[in-house]
Amino acid sequence: MDQLSAGVPVMIHLETHIKQEEDVSDYRLDVDGQLVQMGRTLYLRYLEPNKETGEQTPVTMKFTPEGEVHLTRNAEAELRLHFVSGKRVTARYNTPYGIMPIETVTPYLETSFKERPFSGNVKIDYLLYANNDLVGNYKIRLQFTA
């Protein structure tokens, strides 16, 4: 894993299932990314394309040694989510109109990594709240391989 400190290219497969009230949508993405290790923390970075605008949104997933996951999307509105298994965690959604406090509740979180070839599997089920109202129920399934 020594080469990870300089960063290694990875292939990423991401599936997201979203349920907001009666609306259900599924999103799939296959994209190249970069995996970097700093200390005992892993960072997975990639650009998420927007098919409608052609723009790309930088996304970073941070995996801590304690099993927590941080997700940051740096678009016009910056989204920072923090996932801790079984806990309710305050996060923030920085919009052009100001910061909106949000919360995640993560009933299921699993991360696993292998060294040869270096790969990872991430499963996150979470509920998103704004002003104590349920915004939606989300499932993230992500695999990457160096």
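What you see is a predicted model; the values in this text were computed from it and never measured.

A. Representation of the pattern of salt bridges. Inspection of the entire model under this criterion finds 7 salt bridges. Note that R80 is salt-bridged to E78, the shortest N-O span being 3.1 Å. What makes R80 partly exposed here is its relative accessible area of 35%. In this structure, the salt-bridge partner of R88 is E103, at a minimum N-O distance of 2.9 Å. Here R88, found in strand β7 (residues 88-95), pairs with E103, found in strand β8 (residues 98-114); they are 15 residues apart in sequence, far enough to count as distant. Residue classification places R88 among the partly exposed positions, given a relative accessible area of 43%.

B. Broad picture of the packing of aromatic side chains. If you walk through the whole model with that rule in mind, you get 5 aromatic pairs. The interplanar angle of 55 degrees and the centroid separation of 4.6 Å between the aromatic rings of F83 and Y126 together place this pair among those described as tilted. Taken together, the positions of F83 in strand β6 (residues 78-83) and Y126 in strand β9 (residues 119-130) put the pair 43 residues apart, joining distant regions of the chain. With a relative accessible area of 0%, F83 lands in the buried category. Pairing F113 with F144 gives two aromatic rings, centres 6.1 Å apart and planes at 40 degrees, and the pair type is tilted.

What counts and what doesn't
- Just so you know, the residues in each chain are numbered from 1, in the order the chain's sequence is written.
- With pLDDT at 70 or above as the cut-off, local features in this predicted model cover only qualifying residues; side-chain atom pairs require 80 or more to be listed or tallied, and sums for whole chains, interfaces and linings still use all residues.
- For the side-chain quantities, the full set of heavy atoms in the structure was used; hydrogens and water were omitted.
- Basic side-chain nitrogens of Lys or Arg form a salt bridge, by our definition, when they fall within 4 Å of a carboxyl oxygen of Asp or Glu.
- The buried label goes to any residue with under 20% of its type's maximum accessible area, the exposed label to any with over 50%, and the partly exposed label to all in between, with areas taken from a 1.4 Å probe on protein chains only.
- Helix and strand labels come from DSSP, where a helix needs a run of H or I of at least four residues and a strand needs a run of E of at least two; each type is numbered from the N terminus.
- The criterion for an aromatic pair is that two Phe, Tyr or Trp rings (for Trp, the six-membered ring) have centres within 6.5 Å, with stacked assigned to planes under 30 degrees apart, edge-to-face to planes over 60 apart and tilted to the rest.

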